[in-house]
Amino acid sequence: MNREQNYFDALVADYVAARDDERELNNQLVGVFGGVVTTLTLFGAFVTFVSGKEPLTRIPDAAAAAVPLIPLALACMMQVTASQATVRSFYTRALERELAKLLPLGMPDMAGYPLLRPLTYREMIGELNSLSRGYRIPRILQLVAMLSLEFIFLGLLCYMARDFAFYIQFTMLVIYLPIIVLLVVEAGNGTVNGRSYFLKLVRDTRIRRAAPLLPLIRPVTGERTLLSYLLLPRPMDLSKALFFPIGALTLIMLRPSVLDVPFFVPRALVLWFILEILIYQGRYQLNDLRGLDEDRVSPNAAQRGRIPTRAAGLRVAAYATLGAIGGRVVLTVILCGLPFVSFFHHVIPMAAGVLVIAVLYEWIRSIERNSFDLSNPRRHAPAVIGWSVVAAVGLGYPMRAFLGLSLPPTIGGGKDIPWEWKWPWNWTLPWRWKWPGEWVLPGQDNAIAPFGLHIETGWWVVIELAAYCFWLGIVFVSMTWCLEGGTYVSHSRMVYGRRIFYVDRLIARKPHLLLLLGQTRSSVEPVQPVIPSGATAFDGRGVHWLDGGAKPFAVWNLALPIATVLAVVLVSDLWGNLWQATPYRIVAVVSVIALMVWATVPARVCLPMLVLLRAIDIMCAVSVVITLLVTIVVASVSSPLSMTPLAIVLGVILTPLAYAMPVLMYKYFRSISYNDLRLPDFLSAITPRSAPRKMMGLIVGRGLIDRIWPLGPTGP
């Protein structure tokens, strides 16, 4: 009996408190509503003063564009109050129904009204004001009030912004549209969908009540933080960013006069940032979304640093990634507001190049994914599809170099986006269309390239640079993916003194990895439905798969000499067709031989051979340095061109770089395992709480920051 009485007393106390809160909440709602109406009135007066052909008051457009934030902030507060009122209404009605169950049966009607019972006040108010059902006049009046405010605000906002510059209009659209959409969605959830809104809140509250009130300790998932992923999804792929400046430096060496083009250097830097940080990183995030299921079951999922879903949850991580992609698109368009960056002449060529390669890559990868059958892992895409994936990725490297070669000298800017709507047949494009048969090749007179691209170099230099970058990219991607394929090796066993490796069946989702792993001398069996008995567990993430040697015709073994020979040809044209000079031909051949010999020296050896091979490696490295120095001297002396000091300096930098980069990349990947490619800790552990601490630590030092800002159990 005491428990029933206590339960009844708790319900009554809660009901009284709820009614008191309801009265206070209604007063707040009326006050905020009045504030919104007053602010909209003042906003309307402000718009009449600053708008029109002859405004009464002149203030900067950027300052005027921020004024709508005031009524919008009040509208947000009003919606928060309205959402609280919705929750309070459902909660009070639940209390009334629970209290009504405890009343004696057979209670008479109140005041003679048929079926009028005690504790039904909130039900009657809900029936009167409900926006989800019913056709009473208060419902219509509420809709009129809300729609009137929205119509007035949007009308004044559009009227004020009609004469602004496009980039102010675009910024207003980016800022105000998401807020308005959130307001409309929340208003619909709190009114028309009030029942579902309250039920979901009850379920979430139940989960929240199960957690203690003490600070939560983050679970150790091994994943990178969501913030670090959103800011920079593929930090290790920034090594590919070198190809854009290589193209730009090649252009400067061949045509130093391009530095006289207005804004050449800042344009190159901004376009480099747009391409690598905004466009390509956004493209990587889109690729991670499409391959999310594969990445989650990958044996090296945490190390690869793809979308972190364990701590934040799949839905939150996916929506946050989509938001980051949208943010990158918005920032790209905003940067076109700089006077030296053009949407049509610069951003569209970059986006088009990335998009074409991305569509090609995703189409080929979709064939691989659709060919996967978990019940029959031996059935996967044919080898030609796997090689096509490798080639498609390799196309991105010459495209970067070509953009660096052509975009910086391309003049454009001044917000040249024709946002005034026209039908497509009335569009005036920034280049003149010609059929392919009428195209003028780069380097020829009167060349009019699409998007107005300025290709200042000769046609053969473009081809040689593209071919060199393509094969250099093949070396990079094939050796990287071979190491990644090794992470799928899950079992091994000894057969007649030889270790046989067995891969996880999930590698059939990515048959190009199995194809590249099969290029090594390791005995890797095809995908097996069942691992044979006697095989023991094996972790392939720490194995140096490339150091044990590869088959003679492995793709990276073929790409290495091709890229090196193309470097010789490219350097010859950079210095003015040096191949006709006998000294250059001699030192070039000697340099290639020295580089190939150095590349074949094993990176890791057993102890008895360590001293000998280390000495051989040092001797080869010294020989390579000497031959490259001689090549630079011969090239600078034998060059028939009259070169400026800047061009000579760039030639001295680019010549050894072009010669040695393929071999350096080749030797690096031979000496590492996939575990060595993990993200640095300072990139994978960034959180909103730890970022300020890390920045402060850079200023005051690690020793002091640990004392003044100690790490707690949940982080800083």
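Residues numbered from 1 in each chain as written. Predicted model: local features only at pLDDT ≥ 70, side-chain atom pairs only at ≥ 80, totals over all residues. Heavy atoms only, no water.

Scanning the protein from N- to C-terminus turns up 25 helices and four strands. For the protein, the accessible surface area stands at approximately 38,900 Å², while carbon and sulfur atoms represent 68% of it. (Helix = DSSP H or I, 4+ residues; strand = E, 2+ residues; numbered from the N terminus. Areas by Shrake-Rupley, 256 points an atom, 1.4 Å probe, with all protein chains shown as cover.)

Its 27 residues place the ends of helix H10 (residues 264-290) 37 Å apart at the C-alpha level, agreeing with the 39 Å of an ideal helix rising 1.5 Å per residue. Largest kink in H10: about 30°, centred on Leu275. (Expected span 1.5 Å × (residues − 1). Bend = angle between axes of the 7 residues up to and from the residue.)

Turning our attention to the packing of helix H14 (residues 343-371) against helix H15 (residues 383-394). Interaxial distance between H14 and H15 falls to 9 Å at its minimum, and their mutual angle equals 160°. Looking at the two axes, H14 sits roughly antiparallel to H15. As for the relative orientation of H14 and H15, their crossing is left-handed in sense. Within the contact between the two elements, H14 uses Ile357, Leu360, Tyr361, Ile364, Arg365, Ile367 and Glu368 and H15 uses Ile385, Gly386, Ser388, Val389, Ala392 and Val393. (Axes fitted to C-alpha atoms, helices over the stretch in contact; angles between N-to-C directions. Parallel < 35°, antiparallel > 145°, perpendicular 65-115°, else oblique. Left-handed = near helix turned anticlockwise from the far one by under 90°. Contact = heavy atoms within 4.5 Å.)

Moving on: the packing of helix H1 (residues 2-50) against helix H5 (residues 137-161). At a closest axis distance of 10 Å, the pairing of H1 and H5 adopts a crossing angle of 25°. The orientation of H1 relative to H5 falls into the category roughly parallel. In this structure, H1 meets H5 at a crossing whose hand is left-handed. In contact with Phe33, Val36, Val37, Leu40, Phe43, Gly44, Phe46 and Val47 of H1, H5 contributes Ala145, Leu149, Phe153, Leu156, Leu157, Tyr159 and Met160. Of the residues that constitute the contact of H1 with H5, the class distribution is 14 nonpolar, one polar and no charged. (Nonpolar A, V, L, I, M, F, W, Y, C, P; charged D, E, K, R; others polar.)

Looking now at the nonpolar core. Tyr468, Trp481, Trp556, Tyr584 and Phe669 are the most contacted members of the largest nonpolar core, which totals 95 residues. Here this core gets 15 residues from one element, more than from any other, and that element is helix H17 (residues 459-486). The contact partners of Trp556, leaving out residues within four places of it in the chain, are Val475, Ser478, Met479, Cys482, Leu516, Gln519, Thr520, Leu546, Ala550 and Tyr666. (Core = buried A, V, L, I, M, F, W, Y, C linked by side-chain atoms within 4.5 Å. Buried < 20%, exposed > 50% of the residue type's maximum accessible area, 1.4 Å probe, protein only.)

Once that is clear, we can look at unusual backbone geometry. The backbone phi angle of Phe263 is positive, close to 60°, even though this residue is not glycine. Relative to the assigned elements, Phe263 resides in the loop between helix H9 (243-254) and H10.

What follows covers the pairing of strand E1 (residues 489-495). As defined by bridge partners, E1 adjoins strand E2 (residues 498-503) across six bridges and the pair is classed as antiparallel. When the bridges of E2 are listed, Val495 appears paired with Arg498. In sequence, E1 turns back onto E2 through a hairpin of two residues, with Tyr496 there showing a positive phi of about 55°. Pairing between E1 and strand E4 (residues 536-537): two bridges, direction antiparallel. Bridge assignment links His491 to a residue of E4, and that residue is Ala537. (Pairing = 2+ DSSP bridges.)

In spatial order, the strands read E3-E2-E1-E4; together these four strands make up an open sheet with mixed pairing. Whereas interior strands pair on both sides, the edge strands pair on one side only; in this sheet they are strand E3 (523-524) and E4.

Our focus in this paragraph is the confidence of the model for the protein. Per-residue confidence for the protein gives a mean pLDDT of 80, with 85% of residues at or over 70. Here helix H23 (residues 681-684) stands out as the least confident element of the protein, with mean pLDDT 58; helix H19 (residues 555-574) is the most confident, with 92. Ignoring residues within four places in sequence, the model shows residues 414-423, a span with pLDDT below 50, making 18 contacts including any to other chains. (pLDDT = per-residue confidence, 0-100.)

Turning our eyes to something else, we now look at the pattern of salt bridges. All told, the structure shown has 16 salt bridges when counted by the stated rule. In this structure, the salt-bridge partner of Arg234 is Asp237, at a minimum N-O distance of 3.4 Å. Across the pair, exposure class does not vary: Arg234 and Asp237 are buried alike. Salt-bridge contacts for Arg306 lead to Asp288; the nearest nitrogen and oxygen are separated by 3.5 Å. Of this pair, Arg306 sits in the loop between helix H12 (301-304) and helix H13 (314-335) while Asp288 is found in helix H10, placing the two residues 18 residues apart along the sequence. Each of the two residues, Arg306 as well as Asp288, counts as buried. One salt-bridge network, in which partners are shared between bridges, spans Arg234, Asp237, Lys240, Asp288 and Arg306. (Salt bridge = Lys/Arg side-chain N within 4 Å of Asp/Glu carboxyl O.)

On the surface, a cluster of nonpolar side chains totalling about 340 Å² of accessible area is made up of Leu173, Leu177, Val181 and Val185. Position of Leu173 relative to the elements: it lies in helix H6 (residues 166-190). (Patch = residues over 30% accessible without salt bridge, like charges linked within 9 Å, V, L, I, M, F, W, Y side chains within 5 Å.)

Considering the arrangement of structural elements, one finds Val67 in the loop between helix H2 (61-66) and helix H3 (69-101). Along the backbone, Val67 and Val47 are 20 residues apart, and their C-alpha atoms lie at a distance of 9.6 Å.

For the rest of this paragraph, the subject is the environment of Met110. Position of Met110 among the secondary structure elements: in the loop between H3 and helix H4 (121-129). Taking relative accessible area as the criterion, Met110 reaches 37% and is therefore assigned partly exposed. Setting aside residues up to four positions removed in sequence, Met110 forms contacts with Leu116, Arg117 and Pro118.

The final tally for this structure, using the stated rule, is 11 aromatic pairs. Ring geometry for Phe263 against Phe340: centres 5.2 Å apart, planes inclined by 25°, an arrangement best described as stacked. One end of the pair, Phe263, is in the loop between H9 and H10; the other, Phe340, is in the loop between H13 and H14, and 77 residues separate them in sequence. Using a relative accessible area of 45% as the deciding quantity, one classes Phe263 as partly exposed. The exposure class of Phe340 is buried, given its relative accessible area of 11%. Centre to centre, the rings of Tyr668 and Phe669 are 5.3 Å apart; their planes meet at 70°, and the pair counts as edge-to-face. Three or more aromatic residues link up through ring pairs in this structure, and these residues are Phe243, Tyr397, Phe476, Tyr668 and Phe669. (Phe/Tyr/Trp six-rings, centres within 6.5 Å; stacked < 30°, edge-to-face > 60°.)

A word on the pairing of E2. Here two bridges tie E2 to E3, and the two strands are oriented parallel to one another. Within E3, the position partnered with Phe501 by the bridge is Val524.

On the secondary structure map, Ala161 appears in helix H5. For Ala161, a relative accessible area of 11% corresponds to the buried category. Apart from residues lying up to four places away in sequence, Ala161 is in contact with Gln169 and Met172.

Here we come to the side chain of Ser572. Within the secondary structure, Ser572 sits in helix H19. For Ser572, the contacting residues outside a window of four places in its chain are Asn577, Leu578, Trp579 and Tyr584.

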